[in-house]
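Coordinates in review
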Amino acid sequence: MSGNDVLQIAAYFAVLVLLAKPLGMFMAGVYEGRPSILARALGPVERLFYRLCGIQPEEEMSSKQYALAVLLFSAAGVFAVYLLQRFQGSLPLDPQKFPAVAPDLSFNTAISFATNTNWQNYGGESTLSYFTQMAGLTVQNFVSAAAGMAVLVALIRGFKRHSVNTIGNFWVDMTRGVLYILLPLSVLYSFLLVSQGVVQSFDKYKTVALTQAVTYETPKLDAHGNPVMDSKGNPVTEEARAGGQQIPLGPAASQIAIKQLGTNGGGFFNANSAHPLENPTPFSNFLECLAILLIPAALCLTFGEMVGDRRQGWALLIAMMLVLAPLTFLCASAEQAGNPHFASMGIDQAASALQPGGNMEGKEVRNGIAGSAVWAAWTTAASNGSVNSMHDSYTALGGMVPMLLMQFGEVIFGGVGSGLYGMIIFAIITVFVAGLMVGRTPEYLGKKIEIFEMKMAAFVVLIVNALIKIGTAIAVSTKAGTAGISNPGPHGFSEVLYAFSSFADNNGSAFAGLNGNTVFYNTIGGILMFFGRFWVIIPVLAIAGSLAKKKHVPAGLGTLPTHTPLFVVFLIGVIVIVGALAFMPSLALGPIAEMLTH
Amino acid sequence: MSIKMIKNAVMSLVVLSVLTGIIYPLAITWISQAVFPVRANGSIIMKEGKPVGSALVGQQFGGPGYFWGRLSATAPYPYNGGLSSGSNLGPNNPALLREVRSRIDALQAAGPGNHYPIPVDLVTSSGSGLDPYITPAAALYQAGRVARARGLDKAKVLALISANTAGRFMGIFGEPAVNVLKLNLALDEMKK
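Throughout what follows, the structure given in this document is the object of discussion.

Residue and element names in this part refer to chain A. When you line up the elements, Phe413 lands in the loop between helix H12 (396-407) and helix H13 (418-438). A residue is classified by how much of its surface remains accessible, and Phe413, at 1% relative accessible area, is buried. Not counting residues up to four positions away in its chain, the partners in contact with Phe413 are Leu293, Pro296, Ala297, Leu317, Met320, Met321, Leu324, Ala381, Ala382, Gly419 and Leu420.

Right under this line is the structure:
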C-alpha cells in the first residue's frame, strides 16, 4: 500500500472515533427523553404526531406488544412500498413515464426496504418514478432505521430495568429516532451533498449534445419487434447512433443522505454511490463513507451511557474496531496489489503521485483504491450495502473481505440498532461460554443469563447461518439459481454466496454481476430478507422482556467484568468461531478456490 | 392483535410518509434549487447557449485528437447516461482480459510509438460506466498523441491538463483526477 492509502484509511477511523462520542451521548439523551434545544424546538411536532396517530406516549408495552408493533408497522411499510410501485404509472411525479414495476420485483424491493436491507434488483434511473423513490424508498430508509434503533433501546431497557414487565413504547422510540436523530442529520447531509453536485430536482432527465457521437451495433428488429436472424440463426445487427446523452435527475440528495446514515444503502441510481451524480467528489465520498458507520459506532456509546457504565460501550466499540481495522487494510492491500494477469500486458498498476494504480476495474478514479476499499469494508461491516465500486470485480482476497464481514452476522457495527443488538447477543453468548469454563451462573450487566436467554441467543445466531447456507444450496442446485450467474468458475459461486449472505444478514450489497432480477431471486431473496430481519427481532425482544423481569444482581467477586481487554479478546474469539468459521467450507469453494487457481 | 395497534401502525406510517417522504424532499429541493441552481440540476456545461454535457458525467471519446476516458460497460453503448453500470467482470474472467487487450491495441493504434506502460485506469471499466475522470498519469500518457494530432505545443496541452485536474479533499481523501470532458472542450476552444 502507498503512504497515502495508509494515511487515508487511518484518517477515516480517527474521524469516526472523534464523532462517535458526542453523537452517542446526544442519542442517549433523546431516548431517555432528556431536555435539549432540539427537543424544545421539535417537541410540539412530536406531540402533534402522537395526537394524529392516536398514540398515548406514556403507555408502556410488554415485549410481546413491542414485537407486535414492530411487525405491524413493518408490514404496513411492505404493503405501501409494494402498492406505490405497482401503481406508479397513475401517481404523480413520474416525468420519465415509467410503467408499473413487475410484481416479483415490487415484492422484493418492498421487503428489501422495509427490512433495512436495501438489496437493489431495480435500476433506479430506469425503473422508479420520483414519487416511488420519495414516498416509498426514502420513507422506509427513515423508518426501518428508526425501528432497528428502537429495538436496540428496548433491549437496553431490559438490562436497565428490574422486576417490571414492560420495555418502553415502540411508537415513541421510533418517532424520536426519526425526528431528533435521523431527520436533522439528513437535512444537514442533503445540503452538503448538493453543494458537491448531487442532483436534487423534480425536472425530467436532461438531454445534452455529445462532442463525438457514438455508433454501436444493435440487434435488428422486424416489423413485429422480433430480432431478425440470418441463415445460420445468428441475430443480425445494424448500426445505431447516439448523438446525445441523458443526464438523469431526481430528488437524489435527500434520499442519499438517509440511505447512508440509516445503513440502508439502496441507490437512487443503478450504480449506487459509484455514480458521479450520487457521489461526485472526494468530499462527498468522505461524507457518505463516514455516514455508513457514524450512527452504528455512536450507538455503542449510547448503550454504555444508558446502562450507566460507559466502559461497557467502549468495550463493544473497541471489539468492533479490532475486527474491522485489519480487514479494511487487508482489502485495501489486496486491491492495491492489482490484477496479476495485467503484469505481462504492459499495464502500469504501481501507485505513484500521478495515479493510485491497483485493481481499477469497477472503481472510479476519484475514489481510487483506498477510498473504494474503506467503503467496501465499512458498507459490509455495517449492514449498509451501498457501494462506490463494484465488488464483483474485486480480486479474490479483496472481495472475500466484504463477504466475510457480512458473515460475521452483521455485528461488527452492523445496521443502525440491529448491529448492536446482534453484538449484545454475542456478548451474552460470550459470558455464557466464560461461565461454563469456571462453573458459575453467567451474568451480563447485572442480569443473570439463564436457559431462556441462551435459547433465544442461540436461535438468533443459528437462524441467519442456516438461511444463508440453505438459500445458497438451493440456488446452486437449481437451474433458476445458476441461470443468474455471470462469471465462470469459483467466482460464480462467490456471486451466489455473497447474495444470500447479503439477503439473510440484511446487508443489501451485491456481487452485482449476478442477475438477481428474476422471479427466483426476487422471491427467495424477499423471503430470506424477511426472516433474516424478524426472526432476529422477535427473540431479541423476548430476551429484553425476560431480562426486564429479573432482579438486579450486584457484581460480586466471581463476576466476569465485561469491560476489560480480556473480555474484548474473548468476545472477538466467540464472534470469529461462531460467525466466521461456520463459513470456512463455503468460502473455500468460492474466493479461496479462486485465489488458488487464477 | 388489537385494532388500536393496527390503527397506530397505519397512521404513523401515513404521517411519517408525509413528513419524510414529501415535506422533507420538497423542502430540500426548494432550498437547493435556490442556493445551488447549477449543481442541483446535474452540473450542465453550456456552450453557446446549448447544453454540451455534464461536468460530472463522462462521455465517450475516440480518435487521436481527443483525450480518452475510462472504458464504459453501460448498455447498449458506452457512457449511456440513462443506465449506469459497471462490467462486473471478475479478475480472472477471460472476457475481462479480452476487453483490456482490445483497449491496449486501440490505444497503440491511435498513438503508435508510445511505449510507456499504460496506466491501469485507461484499460479498465469504471464502476458507474460514467466516470468523468482519468488519473493524471493517464492524461500524461495521452498528451503527446493529442498534441501531435492537433499540431499544438505539448507544453500547452500539459498546462490544460493541470488546469482541469481536481485535487484531494484536505490533501488526504480521494485521488487527483483529470476531467476528460472539460479538458477536451478546452482543447476545442483553443483551436479557434
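For the rest of this paragraph, the subject is the interface of chain A and chain B. Much of the literature gives interface size as the accessible area that the parts lose upon coming together. The interface is formed by 115 residues belonging to chain A together with 102 residues belonging to chain B. Here chain A packs against chain B, burying approximately 8700 Å² in sum over the two surfaces, 67% of which is carbon and sulfur. At the boundary of chain A with chain B, the tally comes to 2 salt bridges. We note a salt bridge from B:Asp131 to A:Arg366, for which the minimum N-O separation is 3.8 Å. The tally of links from chain A across to chain B stands at 41 residue pairs in polar contact (both at pLDDT 80 or more). By residue number, the principal contributor to the side of chain A that touches chain B is helix H7 (residues 170-196) of chain A, which donates 12 residues. In terms of residue class, the side of chain A that touches chain B is built from 62 nonpolar, 42 polar and 11 charged. Strand direction decides the pairing type here: strand E3 (residues 347-348) of chain A and strand E3 (residues 118-119) of chain B, joined by 2 bridges, are parallel. The residue bridging A:Ile347 from the neighbouring strand is B:Ile118, located in E3(B).

Before going further, it helps to spend a moment on the pattern of salt bridges. All names here are of chain B. For the structure shown, the criterion picks out 19 salt bridges over all chains. The partner of Asp105 in a salt bridge is Arg101, with the nearest N and O atoms 3.9 Å apart. With Asp105 and Arg101 both in helix H2 (residues 94-110) and 4 residues apart, the pair spans about one turn of that helix. Taking the relative accessible area as the measure of exposure, Arg101 reaches 36% and is therefore partly exposed.

On the basis of which strands lie adjacent, the open sheet formed by 3 strands has the order E4-E6-E5 (chain B) and antiparallel pairing. With partners counted over all chains shown, the strands left at the sheet margins are strand E4 (133-134) and strand E5 (165-166) of chain B, one partner each.

What counts and how
Residues numbered from 1 in each chain as written. Chains lettered and ligands numbered in written order. Predicted model: local features only at pLDDT ≥ 70, side-chain atom pairs only at ≥ 80, totals over all residues. Heavy atoms only, no water. Helix = DSSP H or I, 4+ residues; strand = E, 2+ residues; numbered from the N terminus. Buried < 20%, exposed > 50% of the residue type's maximum accessible area, 1.4 Å probe, protein only. Contact = heavy atoms within 4.5 Å. Buried area = accessible area lost by both parts, 1.4 Å probe. Salt bridge = Lys/Arg side-chain N within 4 Å of Asp/Glu carboxyl O. Polar contact = N/O pair within 3.5 Å; in protein donor to acceptor, adjacent residues only side chain to side chain. Nonpolar A, V, L, I, M, F, W, Y, C, P; charged D, E, K, R; others polar. Pairing = 2+ DSSP bridges.

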